[in-house]
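# Architecture at a glance
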Amino acid sequence: MKGTSEMASADRFISIRKVSKSFGAFQAIDDVSMDIRQGEFFSLLGASGCGKTTLLRMLAGFESTSKGEIFIDDQPMSDVPPHHRPVNMVFQSYAIFPHLNVRDNIAYGLRKQKLSAARRAEMVEDMLDLIKLPGYGNRKANELSGGQRQRIALARALILRPKVLLLDEPLGALDKQLREQMQLELRALQRQVGITFVFVTHDQEEALTLSDRIAVMAGGKVLQVDTPAGLYETPKTRDVASFIGNMNFFRGTVRRNGSAMAAIEAEGLGTIPMSTAELTKPDGAPVQIGLRPEKFSLSPTRPDTGLAIEGALRTASYMGERSQYYLSIPGKDEPVAVSSPNTHRLIGAQDAPEGQTLWLSWSPEAIVILETD
Amino acid sequence: MSSYIKRPNRALQLYAVIFLIVLYVPVLFIPLFSFNDSIYVRFPLQGFTVKWYGELWTREPVWNALWNSVKVGLVVSVISTVLGVMAARSITRTRIRGKGALVTFIMMPLVIPGIIFGVALLVLLSRMGVPLSLYTVGLGHLIICLPFAVATLLPRFEGFDPSIEEASADLGENGWWTFWRVTFPMVMPGIVASLLLTFTISFDEFIMAFFLTGTDPTLPMYIWGQLRFPKEFPSVLAMAALILFVSFALVFVAQWVGRKGLEDQE
Ligand SMILES: Nc1ncnc2c1ncn2[C@@H]1O[C@H](COP(=O)(O)OP(=O)(O)O)[C@@H](O)[C@H]1O
Ligand SMILES: [Mg+2]
């Protein structure tokens, strides 16, 4: 077997290899392969119904794989039932045992460890401190708020020191303020305990804030696995680019003159010189490029240096820390979105009137070359 | 607007009172006449006595019949509740084809007249050469009680989130331990209710017992037999009064356990 002969490696602590899952005729997970590193905060990000929970449940052992194999710490998992896997899960509904108090909920998984009552009580108290709920041991499950239940579910799993903690949208049920606070705490907790976290969310901002790396999923497939900055700055496809933040897309054609220089002729943007290392396609090949709204700068007059085009202002919205503009440019049907930070106080400033001509400038490094689909 | 709905309704109150009177007054005659100093059940009352209760105490066959009914009731309630738990669990926790048809099939004995089941079982058992005894009565009662057990337990299982059992598995417990540490305590109120209900049903069941009793009568069979002897009738009333009292107590306990269980689960 290939898997067992390979060296144990922290880089592929969890290794998902060519895994598919179908429910009857429906393909919930479609040929997914990826590796998760030891100790990292890894997120599965995607719209509702894209298969995140299904993949997580396959890691936990609640769903079998239809095809492929999952390895955790170099052990193939297909024949390992949930209660023998070195993973624990925080359920979307938290699944707190309603007939037990907080202490017994947290100590639930310790039965097999044959600990003394004193040692067990001490461990539970430590966990209650860790999740910042000291003195809550005797509370009944129905006396807890959503945020507290979430912490109990976390403590109940962490007390077993799993190799991997799986979290299924654990913050989804909390209100915005509590969610942001829990994000910070969850991140700090993960650093503190050093356990590999696999975190499911449909909230891109949450994924960007928390994760070391993110797998973007859609329709049962993994589109891209990268760091938050990597996903934002170098998305591979248009789908990823528009799922993480906002992006302007332009169709273009490659122009090459020997191997020394290359350029892209893009609709509305004109000819943009590119480094030959980045642009490997042959002369005449169609490309799709993207530019994030905040990579443009706006100015009333033509800037002295750099690439610039003229556009007509369609709409402007003041959004606090930044303003969002839409401009139409010649040669492109859809308007271009531009986001610019409000670095100065704009007291009494007038919004630029609709139809006003403004200059958009950008640097060639801001251009992302996307895979054509 | 809600005051319109909550407004007291005289007619409805009157109806409720009449309903309760019609329901319970005939039953109240039983304890009343069990203290009456006459072997005839008729007004005017002849005076207070507890001698029928004393007579009951000395009557060997009464106690035998009572003990037979208790034995059958206990065994039937335990077996039908265990089977009911297994059925409710598999109906709610597994993906099986034709689930609706299966549930209908299990519930069928509720609507099939007992006399048909009684005759059918009698024919079958005598063909197979099985002698009639308390076992055959128990078998008949099991058929009647099982749908009640399932109907009592099914909502309990439907009412709890399957991820709670998954959480137990996730925390390292196998199916057996998960059942005892999570499933069982959570469906406990349903189990108690099912035990009480099926025991009560078996305890006063007559038609199946009529067809399937051998030489050992159950209590309803015995009482029925005694109706031919007017002299015995007052002590039958005394026994009925006692049973009435115990039944009321059981129902109240069952209600209390059920309500407490629901509160815990909120
Ligand atoms: N047990 C199941 N039987 C049939 N279809 C399922 C089952 N579980 C999930 N699905 C389907 O698989 C798809 C992915 O579901 P899920 O993994 O829960 O998505 P997500 O968590 O990303 O919202 C959905 O379309 C869902 O309807
Ligand atoms: Mg989900």
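Residues numbered from 1 in each chain as written. Chains lettered and ligands numbered in written order. Predicted model: local features only at pLDDT ≥ 70, side-chain atom pairs only at ≥ 80, totals over all residues. Heavy atoms only, no water.

### Notes on the overall build of chain B
Heads up, the rule is: Only DSSP runs of H or I with at least four residues qualify as helices, and only runs of E with at least two residues qualify as strands; both kinds are numbered from the N terminus onward. Residue exposure (1.4 Å probe, protein chains only): buried if accessible area is under 20% of the type maximum, exposed if over 50%, otherwise partly exposed. In what follows, residue pairs with any heavy atoms lying within 4.5 Å of each other are defined as contacts. Per-residue and other accessible areas follow the Shrake-Rupley method at a 1.4 Å probe size, with only the shown protein chains counted as cover for residues. Only four residue types enter the charge count: Lys and Arg as positive, Asp and Glu as negative, with His and the chain ends excluded. To locate a charge, the coordinates of NZ of Lys, CZ of Arg, CG of Asp or CD of Glu are taken.
Secondary structure assignment for chain B yields twelve helices and zero strands. Each helix (α) and strand (β) of chain B, taken in turn from the N terminus, gives the series α-α-α-α-α-α-α-α-α-α-α-α. With the C-alpha coordinates of chain B rotated into their principal frame, the extents come out at 70 × 65 × 30 Å. Within chain B, buried positions represent 37% of all 266 residues. Long-range pairs, those at least 24 residues apart, make up 71% of the contacts in chain B between residues at least 6 apart in sequence. About 15,800 Å² of surface is accessible on chain B, with carbon and sulfur atoms providing 72% of the total. If the 19 positive side-chain charges of chain B are averaged to one point and the 16 negative ones to another, these points end up 7 Å apart.

### Comments concerning the sheet that holds strand β17 (residues 322–328) of chain A
Residues and elements named next belong to chain A. Put simply, the rule is: Whether two strands pair comes down to DSSP finding at least two bridges between them. The axes are straight lines fitted to the C-alpha atoms, using for helices just the contacting stretch, and the angles between their N-to-C directions are given from 0 to 180°.
On the basis of which strands lie adjacent, the open sheet formed by five strands has the order β15-β19-β16-β17-β18 and antiparallel pairing. Pairing within the sheet leaves two strands with one partner each, and these edge strands are β15 (297–299) and β18 (336–341). Within the sheet, the average angular offset between the axes of one strand and its neighbour, ignoring direction, is 45°. With six bridges connecting them, strand β16 (residues 307–318) and β17 associate as antiparallel partners. Bridging from a neighbouring strand, S317 pairs with Q324 of β17.

### Observations concerning the interface of chain B and chain A
Put simply, the rule reads: By convention, the term buried area covers the 1.4 Å-probe accessible surface removed from two parts as they join, with the contributions of both added. Think of a salt bridge as a Lys or Arg side-chain nitrogen and an Asp or Glu carboxyl oxygen that are within 4 Å of each other.
The interface is formed by 23 residues belonging to chain B together with 24 residues belonging to chain A. Summing the contributions of chain B and of chain A, the shared interface buries around 2,100 Å²; its carbon and sulfur component is 55%. Looking at the side of chain B facing chain A, the largest losses of area belong to D170, L171 and R181 of chain B, adding up to 33% of the total buried there. Where chain B touches chain A, the interface holds two salt bridges. For the salt bridge of E173 of chain B with R111 of chain A, the shortest nitrogen-to-oxygen distance reads 2.6 Å.

### Thoughts on the site of ligand 1
Quick note on the threshold: Neighbouring residues are identified by heavy atoms, a residue being near a molecule or strand if any of them is within 4 Å of it. Polar contact is the term for a pair of N or O atoms within 3.5 Å; when the atoms are in protein, one must be able to donate a hydrogen and the other to accept it, and sequence-neighboring residues count only if both atoms are side-chain atoms.
The full set of residues close to ligand 1 is F23, F26, A28, A47, S48, G49, C50, G51, K52, T53 and T54 of chain A together with R95 of chain B. Between an oxygen atom of ligand 1 and a main-chain N or O atom of G49 of chain A, the distance comes to 2.6 Å. One of the side-chain nitrogen or oxygen atoms of T53 of chain A is found 2.6 Å away from an oxygen atom of ligand 1. Its free accessible area being 560 Å², ligand 1 has 64% of it covered by the protein chains. Put simply, the parts of the chain that give the shell around ligand 1 at least two residues each are β2 (26–36) and α2 (52–60) of chain A.

### Some points on the pairing of strand β8 (residues 196–201) of chain A
All names here are of chain A. Where we set the bar: Orienting the strands away from the viewer, one traces the path from the first strand over the helix to the second; a clockwise path indicates a right-handed crossover.
Along β8, six of the six residues are buried, which leaves the element largely enclosed by surrounding structure. Side chains of β8 alternate between two faces, with T196, V198 and V200 and F197, F199 and T201 buried alike. Bridge count between strand β3 (residues 41–46) and β8: five bridges; the pairing is parallel. In the sheet register, S43 faces β8, and the bridge partner there is F199. In this sheet, β8 lies alongside strand β7 (residues 164–168) in parallel orientation, the contact comprising five bridges. The residue bridging L166 from the neighbouring strand is V198, located in β8. Taken together, β7, helix α6 (residues 176–193) and β8 form a β-α-β motif whose crossover is right-handed.

### Focus on the domain arrangement of chain A
Frequently, the measure chosen for interface size is the accessible area removed from exposure when the parts meet. Residue and element names in this part refer to chain A. Spelled out, the test is: Those domain boundaries reflect an automatic or database domain assignment. Classification used: nonpolar for Ala, Val, Leu, Ile, Met, Phe, Trp, Tyr, Cys and Pro, charged for Asp, Glu, Lys and Arg, polar for all others including Gly.
By the assigned domains, chain A splits into domain 1 (13–243) and domain 2 (248–344 + 351–370). Just the C-alpha atoms count here: the centres of domain 1 and domain 2 sit 40 Å apart. Contact residues are listed per partner, giving ten residues for domain 1 and seven residues for domain 2. Across the domain 1 to domain 2 interface the summed buried area is about 780 Å²; carbon plus sulfur atoms make up 49%. Here domain 1 and domain 2 share one salt bridge between them. Here K295 ties to E233 by a salt bridge, and the two come within 3.1 Å at their closest N and O atoms. The interface formed by domain 1 and domain 2 includes five residue pairs in polar contact (both at pLDDT 80 or more). At the level of elements, α8 (228–233) and α9 (238–243) are the ones that each hand at least two residues to the side of domain 1 that touches domain 2. Within the side of domain 1 that touches domain 2, the residues separate by chemical class into four nonpolar, three polar and three charged.

### With respect to the nonpolar core
Residues and elements named next belong to chain A. For clarity, the cut-off: Side-chain atoms within 4.5 Å are what join buried Ala, Val, Leu, Ile, Met, Phe, Trp, Tyr and Cys residues into a set we call a nonpolar core.
Counting residues in each nonpolar core, the largest one holds 88 residues, and the members touching the most others are I14, L44, I106, L165, L166 and V198. At six residues, helix α5 (residues 146–158) tops the list of elements feeding residues into this core. In contact with L165, other than residues within four places in its own chain, are N88, M89, V90, L154, A157, L158, I195, T196, F197 and V198. In this structure, A266, I272, M274 and V287 belong to the second largest nonpolar core, which totals 27 residues.

### Here's the deal with the packing of aromatic side chains
Heads up, the condition is: Only Phe, Tyr and Trp rings are paired, with Trp represented by its six-membered ring, and only when their centres lie within 6.5 Å; those with planes under 30 degrees apart are stacked, over 60 edge-to-face, the remainder tilted. Criterion for a charge above a ring: Lys NZ or Arg CZ within 6 Å of the ring centre, and within 35 degrees of the ring normal.
All told, the structure shown has 20 aromatic pairs over all chains when counted by the stated rule. Here Y24 of chain B and F248 of chain B contribute two aromatic rings whose centre-to-centre distance is 6.1 Å and whose plane-to-plane angle is 40°, an arrangement assigned as tilted. Here F248 of chain B lies in helix α12 (residues 233–265) and Y24 of chain B lies in helix α2 (residues 10–34), a separation of 224 residues in the sequence. Geometrically, the ring pair formed by F199 of chain B and F203 of chain B is stacked, given 5.6 Å between the ring centres and 25° between the ring planes. In this pair, F199 of chain B and F203 of chain B both sit in helix α9 (residues 175–203), four residues apart, roughly one turn of the helix. Note on F199 of chain B: relative accessible area 16%, which makes it buried. In this structure F203 of chain B comes out as buried when scored by relative accessible area, which is 13%. Of the aromatic side chains, those joined through ring pairs into one cluster are W176, F179, W180 and F184 of chain B. Geometry around F97 of chain A places R156 of chain A over its ring, the cationic atom sitting 4.7 Å from the centre. Between the NZ or CZ atom of K51 of chain B and the centre of the ring of W52 of chain B, over which it lies, the distance is 4.9 Å.

### Some words on the sheet that holds strand β12 (residues 261–266) of chain A
Residues and elements named next belong to chain A. Pairing is antiparallel in the open sheet, where five strands are placed in the order β13-β12-β11-β14-β20. With one partner strand each, in any of the chains shown, β13 (270–274) and β20 (368–370) form the two edges of the open sheet. Each strand of the sheet is rotated relative to its neighbour by a mean of 40°, with strand direction disregarded. As paired strands, strand β14 (residues 286–291) and β20 are joined by three bridges and run antiparallel to one another. Each bridged residue has a counterpart across the sheet, and for I289 the counterpart in β20 is I369.

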